Each structure stands twice: as C-alpha cells, then as structure tokens.
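Tertiary structure, described
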Amino acid sequence: MLIFSVLEESETEPGCPFIYIIRKDIDVYSQILRKLFNESHGIFVGLQRIEEELTGKSRKAQLVRVSKNYRSVIRACMEEMHQVAIAAKDPASGRQFSSQVSILSAMELIWNLCEILFIEVAPAGPLLLHLLDWVRLHVCEVDSLLADVLGSENPSKHESFWKLVTILVLQGRLDEARQMLSKEADASPSSAGMCRILGDLMRTMPVLSPGNTQTLTELDLKWQHWHEECERHLQDSTFAASPHLESLCKIMLGDEAALLEQKELLNNWYHFLVTRLLYSHPTVKPIDLHLYAQSSLDLFLGGESSPEPLDSILLAAFEFDVHQVIKECSIALSNWWFVAHLTDLLDHCKLLQSHNLYFGSNMREFLLLEYASGLFAHHSLWQLGVDYFDYCPELGRVSLELHIERIPLSTEQKALKVLRICEQRQMTEQVRSICKILAMSAVRNNRLGSALSWSIRARDAAFATLVSDRFLKDYCERGSFSDLDLIDNLGPAMMLSDRLTFLGKYREFHRFYGEKRLTDAASLLLSLMTSQIAPRSFWVILLIDALPLLEEKEVVFSAEQTYELMRCLEDFASRRPVWREPGVQRIQEDVENTKLEMLRLALARNLGRAIIKEGSLEGS
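Just so it is clear, the structure is predicted and the values come from calculations on it, not from any experiment. (Residues numbered from 1 in each chain as written. Predicted model: local features only at pLDDT ≥ 70, side-chain atom pairs only at ≥ 80, totals over all residues. Heavy atoms only, no water.)

**What to know about the overall build of the protein**
Check the secondary structure of the protein and you find 30 helices and two strands. Per-residue burial for the protein yields a buried fraction of 47% across its 620 residues. Counted over contacts in the protein with a minimum sequence separation of 6, partners at least 24 positions apart contribute 63%. If you sum the accessible surface of the protein, you get close to 32,000 Å²; carbon and sulfur atoms cover 53% of it. (Helix = DSSP H or I, 4+ residues; strand = E, 2+ residues; numbered from the N terminus. Buried < 20%, exposed > 50% of the residue type's maximum accessible area, 1.4 Å probe, protein only. Contact = heavy atoms within 4.5 Å. Areas by Shrake-Rupley, 256 points an atom, 1.4 Å probe, with all protein chains shown as cover.)

Rendered as structure tokens:
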C-alpha cells in the first residue's frame with residue numbers, strides 16, 4: 001500500500017511530497033504466528049460445523065470448550081515466542097520477540113476475561129472464583145519464587161519469605177500461605193502463637209467452592225462473622241509484635257490502604273481489583289463489577305499515570321460492553337486475528353445479533369472478511385482464508401471471487417489448488433480464467449496436449465481452435481500426431497469448435513485406415529472435405545490421403561463419392577495462388593501440381609472401376 005503525504009506549502013517554496021510504503025498485515029510473515037493462524041483455523045471451522053448441534057445446556061459447555069481451545073493456542077504460541085526471545089542473539093530481535101510475547105499475553109488475558117463474563121456468564125459467588133483463577137494464571141512469577149524459597153535451607157530466613165507469603169495472600173492462595181507460616185512458627189517460637197492464629201483465620205475464611213451447595217446468603221453471613229473476628233484480632237493488637245503478620249491481617253480485612261501499600265506485588269489494577277473483591281465483596285454480582293473496576297483503576301493509578309489501551313479494554317469488558325471491547329481491540333492490536341475469532345465466538349453466544357453495520361454486513365462478517373483478506377496476502381495462508389470467506393453468508397462469495405483472481409499462479413500445482421477450490425464452489429468464471437492461463441502457459445512451453453486439455457476444460461472455443469491448428473501444423477511437419485490418447489478420447493468435447501471437431505475426426509480417419517476399415521475411412525474422409533470444417537490449407541493433405549484408398553484392389557469409393565472428390569479437387573485447384581516468379585514457393589507449387597495430376601489419374605481410374613462394378617451389380 002502506498003500513501004502520499006504532502007507537507008504544508010510555505011510562501012517561498014512548494015511542499016515536498018513523501019511516499020510511505022506500508023506492508024499490510026506483517027504478522028502473517030511471522031513463523032510462530034503462522035502456527036497461531038493454522039491451529040485456530042481448525043477450531044473456527046469446527047465451531048461453524050457444530051453450530052446446528054449446539055442446543056440447550058450442552059451449547060454453553062461446547063462454546064466454553066471452544067474458547068479454551070483458542071486460549072490454549074494463544075498460550076502455546078506465547079510460550080514458543082518466549083523461548084525464541086530468550087535464545088535470540090541479536091538484541092533488536094530479542095526485543096521484537098519480547099514485544100510479541102507481551103501482545104500475546106494481553107490477548108490471552110482479554111480473551112480469558114471475556115470467556116468468564118460473556119461465555120461462562122458466571123453468577124455471583126462462582127464469578128469471584130473464576131476471577132481468582134484469571135489473575136493467578138496471568139501473574140505467574142509467584143511459582144518460581146515459591147520454588148526458590150522452599151528450595152533454600154531455611155525458608156523462613158530467606159530474604160523473599162515475607163514477599164512470597166504476601167503474594168500468596170494477595171492471590172487468595174491461603175492454604176499455601178498457611179504452610180509457609182507454619183515454617184515461620186517452627187523457626188521462631190516467639191511468633192508461633194501469632195502464626196497459628198493467623199493461620200486459623202486463613203483456614204476458616206468462608207469460600208464458595210465449586211461443589212458447595214450453600215446459598216449466597218449463608219456465605220455472606222459466615223463471611224461477616226469471619227470478618228468481624230479478623231477485625232477483633234487487629235483491634236486487640238494480636239499481631240502488634242509482628243508488622244508482617246499485622247499487614248497480612250489488614251490485607252485479609254480488605255483494607256484499601258494496606259492493599260495499595262503492596263502496589264509492587266500486585267503489579268496491576270485488575271489484580272488489585274480481584275484481591276479487593278476477595279476480602280471485601282466476595283459475593284459481588286456481575287452487574288456491579290464495573291463500579292469496583294473503575295474505582296480500583298482510579299485508586300491504583302492515583303492520578304499518577306493515564307490508563308493504557310489494555311486498561312480501557314478490560315474496563316469495557318467489566319462494563320459488559322461487548323462492542324466497545326471489540327472496537328478497542330481492533331484499534332490496539334496489530335492484526336485482525338483476535339477480533340475476528342472472538343467476535344465469531346461471541347456471535348455464536350447470541351451477543352451480537354442486534355448490531356449491524358450501515359454498509360450491509362454485520363460486525364462478525366466484516367471482521368472475518370478483513371482477516372481473510374489479510375491471509376490472502378501470504379503465499380500459503382491464503383488457503384485458510386477461503387474457509388473464512390465461505391462462512392460469511394452475505395459478502396463472502398463476492399470477496400472470495402475478487403481475491404482468488406489476484407492469486408499469482410506461480411506453479412501448476414498451486415494453480416490446480418486454486419482451480420479445485422473454484423470448482424468446488426461452482427465459480428464458473430474463475431474456473432474458465434484459470435484454465436485459460438494454464439492453457440496459454442502450456443502453449444508457450446510447447447505442451448500441446450496439456451494446452452488442449454485446459455482449453456476444453458475452460459470451454460474456450462477460440463483457444464481450442466488455436467491449439468488444434470498447432471496440432472495440425474505439427475502433423476504437417478512430422479507426419480504423425482502427438483498426444484494420441486487425448487485426441488482419441490475427446491468424446492463430446494470435440495464439438496467445442498469446428499477445428500477441434502476436424503482434429504478429432506481426422507485422427508479417427510487415421511484409426512479406421514490403420515484398422516483396415518477402408519469403407520468407413522473413405523466415407524469419413526469425404527465428409528471432412530464436403531462439410532467445410534477442414535481448414536482450406538489442409539485440403540491438399542486430405543486429397544492426397546485419398547490416394548491410397550483409390551489405389552486399393554477393391555473399389556472403396558463409389559462413383560458418386562468419386563464425383564464428389566473430383567469436385568473438391570477442382571474447387572481446390574481453382575483457388576490456389578499462382579506463383580509466377582521462381583523460388584521456393586514455385587518449387588512447392590510444382591510438387592503439388594504433380595501430386596494433383598496423380599490424383600486426377602487415380603480418380604479417373606477409380607471412377608471407371610466403380611461404374612463397371614456398380615453396372616455389373618445392377619445387371620445381376
């Protein structure tokens with residue numbers, strides 16, 4: 001794509017034009033991202049095919065499974081990209097790969113949240129459990145830190161011990177935090193009692209587990225009692241002797257100031273949001289999420305910085321504004337893969353039914369068309385784009401026709417792939433165009449059989465005539481036909497053009513003659529001459545082909561047929577050009593004259609024999 005940019009003209013000199021060369025959808029050239037495109041294509045096609053089977057309760061489970069499959073593909077590519085970034089020898093390449101890792105991580109983060117809110121549609125209670133898993137999945141540094149601390153000789157004396165315990169509490173991993181506190185209690189008898197009390201508070205914290213049957217009201221009551229007990233211990237200065245334990249207790253009380261002190265460990269505002277909900281509003285309803293999300297963002301940033309594009313996308317998701325999520329992602333991300341597949345999945349969830357675009361296509365189809373168009377820019381990924389166009393009912397067919405005509409047919413193998421795709425979709429004009437291209441290529445390479453085959457497949461009478469003329473020319477020069485199998489099996493295809501019909505029938509004459517079916521050969525030869533389908537330049541050859549039949553012992557041509565041959569001979573002779581000057585043409589004319597004289601004699605003899613034979617048959 002070329003874009004012209006003209007600087008503003010000054011009073012003294014005209015503006016200077018610049019041309020910027022923009023490479024479209026550069027991500028399709030990334031080896032690792034191509035795996036993402038290939039793997040997700042199979043998931044996409046599978047989803048379209050099972051659409052009719054998606055009913056009732058199984059529908060939601062199927063769609064969640066499809067969403068998880070998409071996320072697993074993103075995560076696999078992210079991990080591979082991470083390994084490549086580590087192994088990169090060039091710093092610039094390393095930075096580029098690391099940037100791609102960050103983008104893929106953000107994509108998986110957004111998709112996971114959309115899965116929880118829009119596809120799972122988790123109610124109050126289970127919603128918080130899903131959000132905890134969401135945060136834990138995307139803040140994974142704690143696992144390496146945990147292994148490092150536990151691998152030391154004295155974990156409680158490790159410099160990162162309290163950092164680890166705090167992170168575990170912030171992520172709601174209270175069982176692991178209790179285990180770490182037990183190590184502190186064993187190593188420090190003076191704090192053993194405080195560790196045991198805090199550990200008991202962690203153990204007794206009410207949590208709605210997946211298999212639990214208690215109602216939200218029961219959970220809320222238990223949580224209120226537990227919260228009051230935590231507050232009593234804090235007011236009684238139970239943990240006053242240990243600032244670390246006191247800080248942990250404040251976090252478990254949902255104290256905003258205590259949480260904000262751990263900004264570095266929380267990393268981002270949405271981690272702060274989920275921790276805040278866990279210890280302050282564990283039964284939060286989906287409809288209230290956006291209020292807590294916005295306030296958490298404001299508290300976390302504290303006016304020190306502006307929200308990033310990722311923040312805006314996550315906020316839109318917490319507000320359940322599907323269209324805003326898609327819009328923000330379209331602006332922020334470098335290609336259409338993410339928004340195309342996410343929108344398609346959400347469309348299957350019946351979340352986009354009311355949103356049509358003003359130019360005739362809905363949002364799902366528009367994004368799929370854009371993504372498929374980008375795939376067609378790549379020399380091999382275009383094959384994936386075909387299926388995306390197939391599943392766009394309004395404009396997919398037209399778009400596919402336009403794009404498939406622009407594919408460079410660099411090899412015959414590629415051309416056959418394109419042709420097969422067009423034939424499967426009854427794209428008649430494109431099939432004809434491709435066959436013409438292949439036929440012309442075959443003619444240039446002197447592969448006449450292939451050229452004739454493609455011209456027949458294209459139903460191109462003019463080109464079939466051209467190739468047939470080349471066959472006849474070769475026959476005149478060599479005295480034999482090439483590609484006999486093709487010519488012998490033309491069948492109804494020989495009716496495509498007069499010249500092709502002549503070629504097929506002339507070859508049939510030679511076959512009759514070779515099989516000694518002389519009467520059939522004579523009748524066919526005569527019909528080729530009298531039907532006017534033979535090229536005028538080929539008449540002398542047809543006349544000369546009659547000589548061996550005229551010289552047969554048995555009379556082959558009847559008197560009537562002989563008269564017809566004589567008429568054809570004289571008609572040909574009267575229309576021949578006469579060469580007055582000596583030269584090659586004059587020599588050829590003399591040779592032809594000799595052959596024609598021989599033919600006249602043979603015709604005269606055959607006429608006499610035929611009249612005698614027919615007269616004797618009538619007399620008997």
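**Description of the pattern of salt bridges**
According to the stated counting rule, one finds 28 salt bridges in the structure shown. A salt bridge links Lys505 to Glu508, with the nearest nitrogen and oxygen atoms 3.5 Å apart. Here Lys505 and its partner Glu508 are both found in helix H26 (residues 498-514), three residues apart, which amounts to about one turn of the helix. Note that Arg605 is salt-bridged to Glu551, the shortest N-O span being 2.8 Å. Linking Arg605 in helix H30 (residues 584-619) with Glu551 in the loop between helix H28 (539-550) and helix H29 (559-574), this pair joins segments that are 54 residues apart in sequence. (Salt bridge = Lys/Arg side-chain N within 4 Å of Asp/Glu carboxyl O.)

**Description of the nonpolar core**
In a soluble, globular protein the nonpolar side chains are often hidden away together inside. Counting residues in each nonpolar core, the largest one holds 192 residues, and the members touching the most others are Leu131, Trp134, Leu198, Trp269, Phe318, Trp337 and Phe338. In terms of residues, this core owes the most to one element, helix H3 (residues 91-120), which gives twelve residues. Apart from the residues lying within four places of it in its own chain, the contact partners of Trp134 are Leu109, Asn112, Leu113, Ile116, Tyr270, Val274, Leu314 and Phe318. (Core = buried A, V, L, I, M, F, W, Y, C linked by side-chain atoms within 4.5 Å.)

**Examining the environment of His348**
Considering the arrangement of structural elements, one finds His348 in helix H17 (residues 337-348). Ignoring any residue separated from it by four or fewer positions in sequence, one finds His348 in contact with Leu47, Gln48, Glu51, Arg59 and Leu63. Polar contacts involving the side chain of His348 include one to the main-chain carbonyl oxygen of Asp344, which spans 2.8 Å. (Polar contact = N/O pair within 3.5 Å; in protein donor to acceptor, adjacent residues only side chain to side chain.)

**Regarding the packing of aromatic side chains**
Under the criterion given, the structure shown has 22 aromatic pairs. Plain terms: the ring middles of Tyr70 and Trp111 are 5.0 Å apart, the flat faces sit at 50° to each other, and that makes the pair tilted. A residue pair is termed long-range when its members are at least 10 positions apart, and Tyr70 in helix H2 (residues 56-87) and Trp111 in helix H3 qualify at 41 residues. Aromatic pair Trp111 and Phe338: ring centres 5.6 Å apart, planes at 80°, arrangement edge-to-face. Taken as a pair, Trp111 in helix H3 and Phe338 in helix H17 lie far apart in primary sequence, 227 residues in all. For Phe338, a relative accessible area of 0% puts it in the buried group. (Phe/Tyr/Trp six-rings, centres within 6.5 Å; stacked < 30°, edge-to-face > 60°.)

**Describing the side chain of Asp545**
You can see Asp545 is positioned in helix H28. Judged by relative accessible area, Asp545 falls into the buried class, the value being 16%. If we skip the residues at most four places from it in the chain, Asp545 touches Tyr506, Phe509, His510 and Leu525.

**Comments concerning helix H8 (residues 192-204)**
Relative to the 18 Å expected for 13 residues at 1.5 Å per residue, H8 spans 18 Å between its end C-alpha atoms, a close match to the ideal helical length. Of all the residues in H8, the buried ones are Met194, Cys195, Leu198, Gly199, Leu201 and Met202. In an axial view of H8, the angular spread of the buried residues amounts to 155°, which keeps them on one side of the axis. Lining the buried residues of H8 we find helix H6 (161-170), helix H7 (174-187), helix H9 (216-235) and helix H10 (243-252). (Expected span 1.5 Å × (residues − 1). Arc of directions from axis to C-beta.)

**A closer look at empty space enclosed by the protein**
Across all of its chains, the model carries three cavities of 30 Å³ or more by this definition. Reported here for the largest cavity is a volume of approximately 80 Å³. Lining of the largest cavity is provided by Gly125, Leu128, Leu129, Leu132, Met205, Pro206, Val207, Leu208, Leu219, Leu278 and Pro282. Looking at the lining of the largest cavity residue by residue, the classes come out as ten nonpolar, one polar and no charged. (1 Å grid on protein atoms, 1.4 Å probe; cavity = no way out; pocket = protein on both sides within 12 Å on 5 of 7 lines; lining within 4 Å. Points joined across faces, edges and corners; volume = space filled by probe spheres on them. Nonpolar A, V, L, I, M, F, W, Y, C, P; charged D, E, K, R; others polar.)

**Details of the confidence of the model for the protein**
Looking at the protein, the pLDDT average stands at 84 and 89% of residues meet or exceed 70. In the model of the protein, strand S1 (residues 2-6) stands out as the element of lowest mean pLDDT, 40, in contrast to helix H15 (residues 309-318), which has the highest, 95. The model gives residues 1-12 a pLDDT under 50, and that stretch makes 24 contacts with residues more than four places away or in other chains. (pLDDT = per-residue confidence, 0-100.)

**Remarks on the side chain of His233**
One can find His233 in helix H9. Setting aside its immediate chain neighbours within four residues, His233 contacts Ile197, Leu201, Thr238 and Phe239.

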